[in-house]
Amino acid sequence: MGNRVGPGAGASASGRGLVRRRRRRWVRITAFGVTGVLVAAGGVGWAVYAKLSGNITPDEAAAAELARYDRERPTSLVKDARNILLIGSDSREGTGNARYGRDSGTERSDTTILLHLSAGRDNATAVSIPRDLMVDLPACRRPDGSRSAPRFAMFNQAFQIGGSACTIRTVEKLTDVRVDHHVVVDFHGFKAMVDAVDGVEVCLRQPIDDRAAKLRLPAGRVTLNGEQALGYVRARKTLGDGSDTERMERQQRFLGALVNKVRSNDVLLNPAKLYPVLDAATSSLTTDPELASLRGLYALVRGLRDIPMEQVQFLTVPRESYAYDANRDQLVEPAARRLFERLRTDTPVVVKDNGPREGSYGDSYPGPFREPAVTVSPPPTFRGNTAAEDTCG
């Protein structure tokens, strides 16, 4: 099965022999769905198990490229804590993907999420990284075997230049967080996953009529099928304020709704529904070799079904408009550094919907008997949401 991966630096948006991998590249929403369904995989017969495992494409080329730079990569600080990079490209190659636009050969990562799983599997934090964030890109191996020069550029160029391996190294350079695993999924895989759970309910505060996204929906609670869900999470100009930040927040809320749907007993305990979910989830994946089987995925996620929904959190890395181009982003410091430090040390992250952005600290207060004031600094609060929140709230 390893021959499915070509000579480049991992799952990539360009290069020869990569059509199969391109069909597995779009991770906007599916990763937590995989988490929910795999915990029930123990009862699947061997033939089905082998078939589902065979669906997953191992990213051997990325593993080889990362091994080349292993000495310069960050060190994992907390045993059993895991960081998984979820990567989605805007490639139009693959089954059903061409309808979303022309494949120009310059596809980039359209959505990237750094998912942190605590060592005790009592919380999970998903951090979106804006595609337009200005970052330092390392020298990376291109699909043709040549190497790029280091550069300062938009984050999503890492995937265009050097595929998943370059994206992982860029994230590690940016955050100093070791990426233990990675998953790449495509448009088709996302749609199949949503359809396999019979749609996902969202709450729309206003009707949607977006021709570009081929989406017309009424206001209120609506159950989206795969095609509608894809349009909903991709739409930008006609929804909200039109910003990529607003779109990432919408994607995060959809993720929470999908988590709830997949973890419901109606899916996990119904064999007729469970198999298509497993089939859709696994066939949409390109992963590092360690995860490229049901056994590998199950070993990672077996404890996740016990995480309370309020401890499954979503946020975007603290960012602001880039000083030299309002259409680009840059990190907000020291907020971003504090967030990355908490992920690196497996320290819980606190999020609050529509609350103050990172850096909300308590005030000094006098103790009894008017003793000298004591400064109390509670954990920083980041703007985000949890899977437990109602999308109509």
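Refer to the preceding data block for the structure.
Residues numbered from 1 in each chain as written. Predicted model: local features only at pLDDT ≥ 70, side-chain atom pairs only at ≥ 80, totals over all residues. Heavy atoms only, no water.

Trainee: Is there a simple way to think about the overall build of the protein in this case?
Mentor: Assigned secondary structure in the protein consists of 12 helices and 17 strands. Residues counted as buried form 53% of the 393 residues belonging to the protein. In the protein, once contacts between residues fewer than 6 apart in sequence are set aside, the share between residues at least 24 apart is 70%. Total accessible area computed for the protein in this model is approximately 17,200 Å², and 48% of it derives from carbon and sulfur atoms. (Helix = DSSP H or I, 4+ residues; strand = E, 2+ residues; numbered from the N terminus. Buried < 20%, exposed > 50% of the residue type's maximum accessible area, 1.4 Å probe, protein only. Contact = heavy atoms within 4.5 Å. Areas by Shrake-Rupley, 256 points an atom, 1.4 Å probe, with all protein chains shown as cover.)

Trainee: Explanation requested: the packing of helix H7 (residues 226–234) against helix H8 (residues 244–263) in the structure shown.
Mentor: Helices that pack against each other are described as a pair by the angle of their axes relative to one another and the distance between those axes. Relative orientation of the contacting elements H7 and H8 amounts to 145 degrees, with a least axis distance of 8 Å. Seen from H7, the contacting residues are Ala229, Tyr232, Val233 and Arg234; seen from H8, they are Arg247, Arg250, Gln251 and Phe254. Looking at side-chain class alone, the contact of H7 with H8 contains four nonpolar, one polar and three charged residues. (Axes fitted to C-alpha atoms, helices over the stretch in contact; angles between N-to-C directions. Nonpolar A, V, L, I, M, F, W, Y, C, P; charged D, E, K, R; others polar.)

Trainee: So what exactly am I meant to see when it comes to the pattern of salt bridges here?
Mentor: Two side chains of opposite charge can pair, provided their charged atoms sit close to one another. Throughout the structure, instances matching the rule amount to 14 salt bridges. Among the salt bridges present, the one from Lys51 reaches Asp279, with a minimum N-O distance of 2.7 Å. Linking Lys51 in helix H3 (residues 46–55) with Asp279 in helix H10 (residues 271–283), this pair joins segments that are 228 residues apart in sequence. A salt bridge links Arg253 to Glu389; its shortest N-O distance comes to 3.8 Å. With a gap of 136 residues between them, Arg253 in helix H8 and Glu389 in the segment after strand E17 (381–386) connect regions that are remote in the sequence. (Salt bridge = Lys/Arg side-chain N within 4 Å of Asp/Glu carboxyl O.)

Trainee: Explanation requested: the state of the cysteines in the structure shown.
Mentor: Each disulfide is one covalent bond, formed between the sulfur atoms of two cysteines. This structure, assessed with the given rule, holds one disulfide. One disulfide in the model links Cys140 with Cys166; its S-S distance is 2.1 Å. Taking the torsion about the sulfur-sulfur bond, which here is approximately 75 degrees, the covalent link between Cys140 and Cys166 counts as right-handed. Of this pair, Cys140 sits in the loop between strand E5 (134–137) and strand E6 (151–154) while Cys166 sits in helix H5 (residues 157–175); the two residues are 26 residues apart in sequence, bridging distant segments of the chain. One exposure class covers both Cys140 and Cys166, and it is buried. (Disulfide = S-S within 2.5 Å.)

Trainee: Sorry if this is basic, but what is going on with helix H6 (residues 187–196) here?
Mentor: One full turn of an α-helix is made of 3.6 residues, so residues set three or four places apart face in the same direction. Burial within H6 is extensive, with seven of its 10 residues counted as buried. Every buried residue of H6 is listed here: Phe187, Gly189, Phe190, Lys191, Met193, Val194 and Ala196. The N-capping residue of H6, defined by a side-chain oxygen 3.2 Å from the backbone nitrogen of His188, is Asp186. One or two residues past the end of H6 sits Asp198, with phi positive at roughly 65 degrees. (Polar contact = N/O pair within 3.5 Å; in protein donor to acceptor, adjacent residues only side chain to side chain.)

Trainee: How should I be thinking about the packing of aromatic side chains in this particular structure?
Mentor: When we look at a pair of aromatic rings, we describe it by the centre distance and by the angle of the planes. Across all of its chains, the model carries four aromatic pairs by this definition. Aromatic pair Phe190 and Phe254: ring centres 6.0 Å apart, planes at 65 degrees, arrangement edge-to-face. Of the two residues, Phe190 sits in helix H6 while Phe254 sits in helix H8, which places them 64 residues apart along the sequence. Here Phe190 and Phe254 have matching classes, each one buried. A ring pair is formed by Tyr232 and Phe254, whose centres lie 6.3 Å apart and whose planes are at 50 degrees; its orientation type is tilted. With Tyr232 in helix H7 and Phe254 in helix H8, this pair connects stretches of sequence that are 22 residues apart. (Phe/Tyr/Trp six-rings, centres within 6.5 Å; stacked < 30°, edge-to-face > 60°.)

Trainee: Explain the nonpolar core here, please?
Mentor: Here is a general trend for soluble globular proteins: nonpolar side chains tend to be buried in one another's company. Among the nonpolar cores identified, the biggest contains 34 residues, and Leu85, Leu114, Val171, Leu315, Leu339, Leu343 and Val349 are the most heavily contacted of them. Mapped by element, the contributors of at least two residues to this core are helix H4 (60–68), strand E2 (82–89), E5, H5 and helix H12 (335–344). Discounting residues that sit within four places of it in the chain, Leu343 has contacts with Leu114, His116, Thr125, Val127, Val177 and Val349. Within the second largest apolar cluster, 29 residues are counted, among which are Met193, Leu215, Leu217 and Val262. (Core = buried A, V, L, I, M, F, W, Y, C linked by side-chain atoms within 4.5 Å.)

Trainee: Could you clarify how one ought to interpret empty space enclosed by the protein in this entry?
Mentor: Gaps left between atoms show up when a probe the size of a water molecule is rolled over them. Throughout the structure, instances matching the rule amount to five cavities of 30 Å³ or more. Estimates place the volume of the second largest cavity at around 90 Å³. Forming the boundary of the second largest cavity are 13 residues, of which Ser76, Leu77, Val78, Asn83 and Arg344 lie nearest the centre. (1 Å grid on protein atoms, 1.4 Å probe; cavity = no way out; pocket = protein on both sides within 12 Å on 5 of 7 lines; lining within 4 Å. Points joined across faces, edges and corners; volume = space filled by probe spheres on them.)

Trainee: It is not clear to me how the packing of H6 against H7 should be interpreted in this structure. Could you clarify?
Mentor: The N-to-C vectors of H6 and H7 enclose an angle of 125 degrees; their axes lie 8 Å apart at closest approach. Looking at the two axes, H6 sits oblique to H7. The interaxial crossing formed by H6 with H7 has right-handed handedness. Mapping the contact onto sequence places Phe187, Phe190, Lys191, Val194 and Asp195 in H6 and Gly226, Glu227, Ala229, Leu230, Val233 and Arg234 in H7. For the contact of H6 with H7, the residue count by class is six nonpolar, one polar and four charged. (Parallel < 35°, antiparallel > 145°, perpendicular 65-115°, else oblique. Left-handed = near helix turned anticlockwise from the far one by under 90°.)

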